[in-house]
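Summary of the model geometry
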Amino acid sequence: MDVKSYTENVLKFIKECSPGQDEFYQASTEVFESLIPILQEDKRYQDNSILERIIMPERTIIFRVTWINDSGKIQTNLGYRVQFNSALGPYKGGLRFHPSVNLGIIKFLGFEQIFKNALTGLGIGGGKGGSNFNPKGKSDAEINRFCQAFMSELYRHIGTTRDIPAGDIGVGAREIGYLFGQYKLLTANFEGVMTGKGVGWGGSFGRKEATGYGSVYFAEHILNRHDNQLKGKICCVSGAGNVATYTIEKLKSMGAIPVTCSDSRGTIYHPKGIDIKTLKAIKEVGRESLEKYAELHPDSTYIPVHKYPEGGHAVWSIPCDIAFPSATQNELTLIDAKNLVKNGCILVNEGANMPTTPQALSYLKENKILFAPAKAANAGGVAVSQLEMAQNASMQHWSFAEVDTKLFAIMKSIFETADETAKEFGQEGNLLMGANIAGFRRVADAMIDEGAV
Ligand code: NDP
Ligand code: 2IT
């Protein structure tokens, strides 16, 4: 069968057997389309049914989470862990707590994670999990009870050489602590079964900062390749969580000017640069709305969601040199891409997972905007998670500087791998194709070596 029909047949099969999983189709279609050159060149992948296997999670766990709210009422949520691919190592990937979570979202994230983890060059497989639990407005005690209930089922499926969860949207240091505490209670084992732990009890220095810092390092590597640099660049960042906060922090320390941040309710535009202390005080400590930022900084503007351009987002209509989408999937639409191009943006660097819609992606490509795909640009988080695992396994504790130096080198190596692979397949500068092919090749070759499993 010709390669195009092969990819289309597998995608058709996956749509038929897993209806209604739009984000998962989006992620798998993008990856499969970019694999065509390697599938044409090397027939072993088709001969070994690699696409049919890689698209199917090795194991999908769905469970009920029952917990009691502060009023004494029993609450139920759905919990998920998709153990997607273990060809390169134990399943590794975050947990997302957000009301929008469903199986299709967890599968898209788990699928992306396989290739991202492979790209880091480390020995980690791909997985993802989470719940449709909404942490907003919940008391600390409710969050604790929910995490305990979630782990009361999850603990039997994870382990230091089996599956090592971490954070994602709605799961930060507090939740990792509660989840880890319950794991320890149930198993009577203190072991590195989760990453993103507190630095005082098994966590790694630099894990909290890793995704944002890594994303900025990646942008610097691309710019350097084009005889350019971050210093002096106006940057628009979306999101106001873990990734956005540490993207903004690192941009400032590298002499760039991050002028925006956003949450689900609105966007802050601060032309002289986002004040990182205020952002952390509002979001990391207070867990409040960004509206407060504008009250504290009268020279900034707050744009609420109802004032966004139709079909688009305020953050991408603000003129910038570089865009760092760092909130959630499909947050940069065709309208947003048109605004960015019109305003002279030179690079879109994906901090979030799949933040750019396929239509926006095509438009950026047509207009020759530099593009850093999520699998490469945001891989710093999971890479430092693996460094945390290495420290736990060897009972060591490295300094912040040691971890940061390793992170910088890993981001450089990911950039070079994606760049060289794109060149190898005659698509110079196409980092999306380079990242997808390089990640795929590592996983697929391991799957062939490991036989028909
Ligand atoms: P956080 O929960 O810390 O922050 C998420 C931010 O995005 C918040 O500002 C949130 O606003 C906003 N947001 C989330 N969902 C939506 C939505 N549907 N619409 C509008 N805004 C939204 O998550 P992270 O910073 O950890 O994650 C951000 C992105 O980065 C995600 O795509 C995640 O998968 C990805 N990522 C995270 C890594 C990590 O190490 N944490 C590693 C690699 C990728 P609000 O608070 O109002 O909901
Ligand atoms: O999307 C991601 O890479 C993460 N949420 C981090 C995963 C991890 O295991 O650190």
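Everything numeric here is computed off the predicted structure, so don't read it as measured data.

**Brief notes about the overall build of the protein chain**
Scanning the protein chain from terminus to terminus reveals 17 helices and 13 strands. The C-alpha radius of gyration of the protein chain comes to 21 Å, within 12% of the 22 Å expected for a compact globule of 453 residues. Once the C-alpha set of the protein chain is aligned to its principal axes, its extents read approximately 65 × 55 × 45 Å. Counting across all 453 residues of the protein chain, residues that qualify as buried make up 57%. Within the protein chain, contacts between residues at least 6 apart in sequence are counted, and of these 70% link residues at least 24 apart. Carbon and sulfur atoms make up 52% of the accessible area of the protein chain, which totals about 17900 Å².

**As for the site of ligand 1**
Taken together, 24 residues lie near ligand 1, and K136, D168, T211, S264 and N353 sit nearest. Here R207 contributes a side-chain N or O atom positioned 2.9 Å from an oxygen atom of ligand 1. Contributions of two or more residues to the shell around ligand 1 are made by α8 (207-225) and α9 (242-253). Of the residues contributing to the shell around ligand 1, the split by class is five nonpolar, 13 polar and six charged.

**Describing the site of ligand 2**
Taken together, the neighbourhood of ligand 2 is formed by 14 residues, with K92, K116, D168, R207 and S385 sitting nearest. Here K128 contributes a side-chain N or O atom positioned 3.1 Å from an oxygen atom of ligand 2. Here ligand 2, which alone exposes 300 Å², has 93% of that area covered by the protein. Among the secondary structure elements, those contributing two or more residues to the shell around ligand 2 are β3 (91-97), α5 (103-119) and α15 (380-394). Broken down by class, the residue content of the shell around ligand 2 amounts to two nonpolar, seven polar and five charged.

**Section: the pattern of salt bridges**
If the charged atoms of two oppositely charged side chains come close together, the side chains can form a pair. Under the defined criterion, the tally for this structure stands at 21 salt bridges. The salt bridge involving D70 is made with R145; its shortest N-O contact spans 2.6 Å. Within this pair, whereas D70 is found in the loop between β1 (59-68) and β2 (74-85), its partner R145 is found in helix α6 (residues 140-154), the two being separated by 75 residues in sequence. Here D70 falls in the partly exposed class, since its relative accessible area comes to 46%. When salt bridges with common partners are traced through the structure, they connect E30, E112 and K375 into a single cluster.

**Observations concerning the layout of surface pockets**
Size it by volume and the second largest pocket reaches roughly 860 Å³. As for the second largest pocket, its lining consists of 34 residues, of which L361, K365, F371, N430 and L432 are closest to the centre. Taken together, the elements giving at least two residues each to the lining of the second largest pocket come down to α2 (22-41), α8, α13 (358-366), β13 (370-372), α14 (374-377), α16 (400-424) and α17 (431-449). When grouped by side-chain class, the residues that make up the lining of the second largest pocket number 14 nonpolar, nine polar and eleven charged.

**Overview of the nonpolar core**
F218, L230, L251, I268, L279, F324 and I414 are the most contacted members of the largest nonpolar core, which has 54 residues in total. Sorting elements by how many residues they give to this core places α8 first, with eight residues. Leaving out residues up to four positions away in the same chain, I268 has contacts with V259, T260, C261, I274, L290, Y293, A294, S300, T301 and Y302. Residues L39, Y45, L51 and F440 belong to the second largest nonpolar core, which totals 43 residues.

**Remarks on the pairing of β3**
With respect to burial, β3 is a largely interior element, seven of its seven residues being buried. Of the pairings in the sheet, the one linking β3 to strand β4 (residues 125-131) comprises five bridges and is parallel in character. When the bridges of β4 are listed, L95 appears paired with G129. Each parallel crossover has a hand, and for β3 linked through α5 to β4 it is right-handed. By the bridge criterion, four bridges tie β3 to strand β5 (residues 163-166) in an arrangement that is parallel. In the sheet register, Y91 faces β5, and the bridge partner there is D163.

**Observations regarding the environment of N392**
Inspection of the secondary structure assignment puts N392 in helix α15. Distance from N392 to I164, taken between C-alpha atoms, is 12 Å for residues 228 residues apart in sequence. Ignoring anything within four residues of it in the chain, the contact list for N392 reads G192, K197 and G202.

**A few points about α8**
The end-to-end C-alpha distance of α8, which contains 19 residues, comes to 27 Å, matching closely the 27 Å that a straight helix rising 1.5 Å per residue would cover. The sharpest bend along α8 measures roughly 30° and falls at Y213. Across the 19 residues that make up α8, a large majority, 16, are buried. A positive phi of about 55° marks D227, the residue just after α8.

**A short note on the environment of S262**
Relative to the helices and strands, S262 resides in strand β8 (residues 260-262). Since its relative accessible area comes to 8%, S262 is described here as buried. The contact partners of S262, leaving out residues within four places of it in the chain, are V237, S238, G239, A240, T267 and L290. Engagement of the side chain of S262 in a polar contact is seen with the backbone nitrogen of G239, the distance being 2.8 Å.

**Some points on the sheet that holds β4**
The five strands lie next to each other as β1-β2-β4-β3-β5, forming an open sheet whose pairing is mixed. Two strands close off the open sheet at either side, each with one partner strand: β1 and β5. Between one strand axis and the next, the sheet turns by 20° as a mean value, whatever way the strands run.

**Considerations on the packing of aromatic side chains**
Counting across every chain of the model gives 20 aromatic pairs. Aromatic pair F97 and F133: ring centres 6.1 Å apart, planes at 90°, arrangement edge-to-face. You can see F97 sitting in strand β3 and its partner F133 sitting in the loop between β4 and α6, a full 36 residues away along the chain. The buried category is assigned to F133, whose relative accessible area is 1%. Ring centres 5.2 Å apart and planes at 70° place the aromatic pair F97 and F150 in the edge-to-face group. Here F97 is found in strand β3, whereas its partner F150 is found in helix α6, with 53 residues between them in sequence. Among the residues examined, F150 registers a relative accessible area of 0% and is labelled buried. The structure contains a cluster of three or more aromatic residues connected by ring pairs, namely F63, W67, F97, F133, F146 and F150. In this structure, K250 is placed above the aromatic ring of Y213, and the distance from its NZ or CZ to the ring centre is 4.5 Å.

The rules behind these values
Residues numbered from 1 in each chain as written. Chains lettered and ligands numbered in written order. Predicted model: local features only at pLDDT ≥ 70, side-chain atom pairs only at ≥ 80, totals over all residues. Heavy atoms only, no water. Helix = DSSP H or I, 4+ residues; strand = E, 2+ residues; numbered from the N terminus. Rg over C-alpha atoms; globule rule 2.2 N^0.38 Å. Buried < 20%, exposed > 50% of the residue type's maximum accessible area, 1.4 Å probe, protein only. Contact = heavy atoms within 4.5 Å. Areas by Shrake-Rupley, 256 points an atom, 1.4 Å probe, with all protein chains shown as cover. Near = heavy atom within 4 Å. Polar contact = N/O pair within 3.5 Å; in protein donor to acceptor, adjacent residues only side chain to side chain. Nonpolar A, V, L, I, M, F, W, Y, C, P; charged D, E, K, R; others polar. Salt bridge = Lys/Arg side-chain N within 4 Å of Asp/Glu carboxyl O. 1 Å grid on protein atoms, 1.4 Å probe; cavity = no way out; pocket = protein on both sides within 12 Å on 5 of 7 lines; lining within 4 Å. Points joined across faces, edges and corners; volume = space filled by probe spheres on them. Core = buried A, V, L, I, M, F, W, Y, C linked by side-chain atoms within 4.5 Å. Pairing = 2+ DSSP bridges. Right-handed = clockwise from strand over helix to strand, strands pointing away. Expected span 1.5 Å × (residues − 1). Bend = angle between axes of the 7 residues up to and from the residue. Axes fitted to C-alpha atoms, helices over the stretch in contact; angles between N-to-C directions. Phe/Tyr/Trp six-rings, centres within 6.5 Å; stacked < 30°, edge-to-face > 60°. Lys NZ or Arg CZ within 6 Å of the ring centre and 35° of its normal.

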